[in-house]
Amino acid sequence: MRPLVRPALPPQLQHVPAARLLVSAFGNFCSFCERPLLDSLWVWNAKTGQSQEGDRCTSEDWEHLYLLDHNCHEAQRHASPLDLPLLLLPTDTAAFLQEGPPLLYILTSMSRDQVNEEQKLIQSDNVDQVLISASDYRAQATIRYFALNTAYLVKDRLVVPRQDHLSLLDRRMEQRSEAWREATQAALDLREAGQSEVVKALTRQLRQLIGTTGFWSTCRAAVDLVLQDPQKLQEIFAANLPADRPVIAGLAAKHAIHFLGNGPHQPFPGTAPF
Ligand SMILES: [Zn+2]
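Please read all numbers here as calculations on a predicted model, not as lab measurements.

Enquirer: Please clarify how the pairing of strand β1 (residues 42-45) should be interpreted in this entry.
Expert: Working note: regular strand, side chains alternate between the two faces of the sheet. Pairing analysis gives 3 bridges linking β1 to strand β2 (residues 51-53), with the strands arranged antiparallel. Bridge pairing in β2 places Trp44 opposite Ser51. With antiparallel pairing between neighbouring strands as the criterion, β1 and β2 make up a hairpin whose turn holds 5 residues, including Gly49 at a positive phi of roughly 80 degrees. Pairing between β1 and strand β3 (residues 65-68): 4 bridges, direction antiparallel. Considered in β3, the bridge of Trp42 is made with Leu68.

Enquirer: I'm lost on the sheet that holds β3 in this one. Help?
Expert: Reading across from one edge, β2-β1-β3 is the order of the 3 strands in this open sheet, with antiparallel pairing throughout. Looking along the sheet, the strands with just one partner apiece sit at the ends: β2 and β3. Neighbour-to-neighbour, the strand axes of the sheet open up by a mean angle of 30 degrees, direction not taken into account. The sheet contacts of helix α1 (residues 19-26) involve β1 and β3, and relative to β3 the element is tilted by about 85 degrees.

Enquirer: Teacher, can you tell me more about the sheet that holds strand β6 (residues 153-154) here?
Expert: For sheets, the rule is that strands pair by backbone hydrogen bonds, running either parallel or antiparallel. Spatially, β5-β4-β7-β6 is the arrangement adopted by the 4 strands of the open sheet, whose pairing is mixed. Edge positions in the open sheet fall to β5 (121-133) and β6, since each of these has one partner strand only. Across the sheet, helix α5 (residues 172-192) is in contact with β4 (104-115) and β5; its angle to β5 comes to roughly 65 degrees.

Enquirer: How do you make sense of the pairing of β4 when you look at a structure like this?
Expert: Direction of pairing for β4 relative to β5: antiparallel, over a ladder of 12 bridges. The residue of β5 that forms the bridge with Met110 is Val127. Counting the residues in the hairpin turn of β4 and β5 gives 5 residues, including Gln119, whose phi is positive at 65 degrees. Bridge count between β4 and strand β7 (residues 157-161): 4 bridges; the pairing is parallel.

Enquirer: So what exactly am I meant to see when it comes to the packing of helix α7 (residues 216-227) against helix α8 (residues 230-237) here?
Expert: Each packed pair of helices is defined by two parameters, the angle between the axes and the distance between the axes. At a minimum axis separation of 10 Å, α7 and α8 run at an interaxial angle of 150 degrees. Viewed along their axes, α7 and α8 adopt a mutual orientation that is roughly antiparallel. You can see that α7 and α8 cross each other, and the crossing is right-handed. From α7, Trp216, Arg220, Val223, Asp224 and Leu227 reach across to α8, where they touch Lys232, Leu233, Ile236 and Phe237. Residue composition of the contact of α7 with α8, by class: 6 nonpolar, no polar and 3 charged.

Enquirer: Any chance you could explain the nonpolar core here in plain terms?
Expert: Within soluble globular proteins, side chains that are nonpolar tend to cluster in buried spots. Leu22, Val43, Leu67, Leu68 and Ala183 are the most contacted members of the largest nonpolar core, which totals 58 residues. Counting residues per element, this core draws most heavily on α5, at 7 residues. Excluding residues that lie within four positions of it along the chain, Val43 makes contacts with Ala18, Ala19, Leu22, Ser51, Gln52, Cys57, Leu65 and Leu67.

Enquirer: How should the environment of Leu169 be read in this particular structure?
Expert: Of note, Leu169 is situated in the loop between α4 (162-167) and α5. On the neighbour-count criterion, Leu169 (16 C-beta atoms within 10 Å) is partly exposed. The spatial distance from the C-alpha of Leu169 to the C-alpha of Val226 is 32 Å, given a sequence separation of 57 residues.

Enquirer: How should I be thinking about α1 in this particular structure?
Expert: Note: α-helices contain 3.6 residues per turn, so residues at a spacing of three or four share the same orientation. Among the residues of α1, Ala19, Leu21, Leu22, Ala25 and Phe26 are the ones counted as buried. Buried residues of α1, viewed axially, fall in a sector of 160 degrees; they line one side. Check the buried side of α1 and you find it contacts β1 and β3. Backbone geometry just downstream of α1 places Gly27 in the positive-phi region, at approximately 95 degrees.

Enquirer: Would you mind showing me how to read the environment of Ser196 here?
Expert: Mapped onto the fold, Ser196 is located in helix α6 (residues 196-213). Spatially, the C-alpha atoms of Ser196 and Ala183 are 20 Å apart, while their sequence positions differ by 13 residues.

Thresholds, definitions, all that
- Residues numbered from 1 in each chain as written.
- Predicted model: local features only at pLDDT ≥ 70, side-chain atom pairs only at ≥ 80, totals over all residues.
- Pairing = 2+ DSSP bridges.
- Helix = DSSP H or I, 4+ residues; strand = E, 2+ residues; numbered from the N terminus.
- Axes fitted to C-alpha atoms, helices over the stretch in contact; angles between N-to-C directions.
- Contact = placed C-beta atoms within 7 Å.
- Parallel < 35°, antiparallel > 145°, perpendicular 65-115°, else oblique.
- Left-handed = near helix turned anticlockwise from the far one by under 90°.
- Nonpolar A, V, L, I, M, F, W, Y, C, P; charged D, E, K, R; others polar.
- Core = buried A, V, L, I, M, F, W, Y, C linked by C-beta atoms within 7 Å.
- Buried ≥ 20, exposed ≤ 12 C-beta atoms within 10 Å, placed from the backbone.
- Arc of directions from axis to C-beta.

By themselves, these figures tell us nothing about what the structure is for.
Dropping the structure here:
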């Protein structure tokens, strides 16, 4: 889970829809699973546990608002309300990385069974997927609440209803595993690069690749395994580049700097320093 710094909301933005402001401040990603928000998005209120689709949610509760993709939105609808006050949130200082990430991402071999409506096995195969784990109880609650390992994980294997498989219902684990593989290969290329100009170009490309694939924390864990270079991690995964063209005209510069949107100029806006 990418740690986030929430910018203060200037008074003139406190009654407008929150969704696009959150995208601008935090990037175009689910705040919990980090999937890119390519289809639709929800604004989730950590104080109430309620979520609203698209632009229906205003910014009054700005301090408590986060972005969700479809899968995390669905997962929290079925989550235990008892977990709500326990959750580790991306803006909590305990989520910051000074003492290592509280959620651990690791590529793991496991079996994946497809079953029909009667729970009969149709097909079984072995897959390498990125599992998320935590020792901290708040981080564990967050994994549960948003089903970050999907509802398909049963102990140490995946049991996927055939219908879900065919309809691509929840691909978060598969997608972050693909992101892991892409990031690992790019990091290996970077490690082998000799000339400083090539290193610089590959570093910039890797940063933008991860800005496109999403799954920042997964990619950070994968790249760290290959490079083991904290300074390089900073270059690839740290937050914003300085920029001077405000997206919201007329906003004071001290506020505008936090709402520059994300894209090639800043793939991961709002990332807490590490
Ligand atoms: Zn999500």
